[in-house]
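A closer look at the structure
Given next are the chains, with one letter for each unit.
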Amino acid sequence: MPEARGRRPSAEELLEAAARGRVGVDRRFVQAILDSGDAAGVLRFARASHQNDRIELEPLLIDLFRYFQTPEALEFYVDVIRRAPEEVDDSLIQALLPFGAKAVEPLLALYHQLDEEQGSDVAFLLAALRLRDERVLQALFERLEYDAADGAFCLGLYGDPSAKPALEKMLTEIPESDQELRREITHAVKQLDAPEPDYQPEPFDILADYPQRELPPFDVLDEAERIEMLSSTEADVRAGAAHSFFNHPLNAKSRAALFDLAKSDSDKTVRGEAWAALGDAVEDAAIREAMIAALNDPSKPVEERGGAAVGLYVIADRDDVRRGLEELYEMGGKARIRALEAMWRSLWEPYAKYFPPHLDDDDPKLLRQAIRGAGYFRLTRYADKVAGFFDREEPFDDLREDALFAYALAMPGETTRGRARSLLRKIDALAGLSQAETQLVMFALDERLRLHGLAPVFEGGQEEHEHELQPEAATSASSQKIGRNDPCPCGSGKKYKKCHGA
């Protein structure tokens, strides 16, 4: 957040900017709040309404209150627990424990407001305070009756020897076959006989868990805000803002701003991202010719030429673009990565040959593009090799989602709407999909259908209304592979290469 007329922004102003998505929450941002010493500003922000915030800052506020040791933060902590009593994380526990006796009353009140199923973490907090209070002990006995293992654990942590008879009596009632519960209760009894531990708050390094650099979350910003960020004093913010326009329709204002950035920015990465984002504007002759010139200019840096290459994917079958992509490919390294990205985005079949040789590459960035190309060009003969990336170790461990998506596009099997669920079940059996991965694969299978000129099955809940759709026999005329310049079957009115083909 820029300083206004040399004045450092207050903690409250910084937090408001982060909540709107105007700045990224990183070490530099957190350090600026610490340097302000404005604990009161943090408190004012925390107490304000956040109904319209774009970014949730609750974890940051917990850390800031813990750092500043703000006495008034206790009420905030209890409210956080009240909103999600079954999701109390360690940072909140460590922030609350130093309040000691002051925390007992509000936590007890909260415990009795919750039902028994929700009360586990609050019972743990009451026990962890280890403050002798008959009301706390009674609450933990109630916990023991509701959930013997959880209650025994809490009583052992609480450390009041008066709980020992109740635990020993329960132990006599637990059958020998329930070894796990017997171990839990036996351990709790031993804890009651142990010396009182000397509580020392854990050392707290507030900066340790924040990234060195975090860009603003551009996806929550409106177009005017992102255009404004194209003029940031920081090159990585300008680059990120430019990238946020990639594959999105551009109006006259955003198009002009990106074109100006691509031609004149002092940073090569920013220029490259701006050229890539102008892919939606290649029908403009001036922009198109400038992009082609940037792609084919050997004096320009790879970052700029590579960005222009990706921006030109829509017309990558033109000779002057093809020559530029092939030249970048031959250069290797970053240039090859960008060339391959432009090639698979183009969906132009002659580019398919470039991808198989790189499925054995050692560069994870190059491999990612090779996997995506194998999927989008539906290289079925390499599907097993793609599946080999479902569970790879470092440095390839983050390629699983790319591999799942590509495999769904290229896996063997008939591509019809009726077979879509069968393909999904096969991938699940092979890879063991999480819920999020299932959604990803469903999207990929819909993409596979679109590539064959068929309507999607999973998108928009259509699978719930299949009986309302025409049978496949009635739509067989459209089941040939869709061309890049054909209308997109999603009904948008755009050409496939500029819609779901993107």
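Predicted model only: the values in this text are computed from it and were never measured.

What counts and what doesn't
- Residues numbered from 1 in each chain as written.
- Predicted model: local features only at pLDDT ≥ 70, side-chain atom pairs only at ≥ 80, totals over all residues.
- Heavy atoms only, no water.
- Helix = DSSP H or I, 4+ residues; strand = E, 2+ residues; numbered from the N terminus.
- Expected span 1.5 Å × (residues − 1).
- Buried < 20%, exposed > 50% of the residue type's maximum accessible area, 1.4 Å probe, protein only.
- Contact = heavy atoms within 4.5 Å.
- Salt bridge = Lys/Arg side-chain N within 4 Å of Asp/Glu carboxyl O.
- pLDDT = per-residue confidence, 0-100.

Let's talk about helix H19 (residues 319-331)
- In this model, H19 (13 residues) spans 18 Å end to end at C-alpha, consistent with the 18 Å of a helix rising 1.5 Å per residue.
- For H19, the full list of buried residues reads Asp 320, Val 321, Gly 324, Leu 325, Leu 328 and Tyr 329.
- Each element contacted by the buried residues of H19 is listed here: helix H17 (285-295), helix H18 (302-311) and helix H20 (333-346).
- Positive phi appears at Gly 332, one or two residues downstream of H19, with a value of about 75°.

Re the pattern of salt bridges
- Going through the model one piece at a time under the given rule, you end up with 40 salt bridges.
- Close ionic contact of Glu 326 with Arg 322 constitutes a salt bridge, the shortest N to O distance being 3.1 Å. Separated by four residues within a single helix, Glu 326 and Arg 322 lie in helix H19, roughly one turn from each other.
- Accessibility expressed as a relative area gives 24% for Glu 326, which makes it partly exposed.
- According to the relative accessible area criterion, Arg 322 is partly exposed, its value standing at 21%.
- Here the salt bridges share partners, and the residues they tie into one network are Asp 26, Arg 28, Arg 213, Glu 234 and Asp 236.

What to know about unusual backbone geometry
- Cis rather than trans, the peptide bond between Glu 394 and Pro 395 has omega equal to 5°.
- If you trace the backbone, Pro 395 turns up in the loop between helix H22 (383-387) and helix H23 (400-410).
- Positive phi values are uncommon outside glycine, yet Arg 130 reaches one of about 55°.
- Non-glycine residue Asn 247 carries a positive phi angle of around 65°.
- Topologically, Asn 247 is positioned in the loop between helix H14 (235-243) and helix H15 (252-264).

Comments concerning the environment of Tyr 376
- Tracing the backbone shows Tyr 376 in helix H21 (residues 364-376).
- Residues Tyr 376 and Glu 16, 360 residues apart in the sequence, show an inter-C-alpha distance of 42 Å.
- With residues up to four places along the chain from it excluded, the contact list for Tyr 376 reads Trp 344, Leu 347, Phe 405, Leu 409, Glu 447 and Leu 451.

Focus on the confidence of the model for the chain
- Overall, the predicted model of the chain reaches an average pLDDT of 90, with 90% of residues at or above 70.
- Counting contacts from residues 462-485, a segment whose pLDDT is below 50, to residues more than four positions away or on other chains yields 45 contacts.
- Note that residues 489-494 has pLDDT below 50 and, in this model, 14 contacts with residues that lie over four places away or in other chains.

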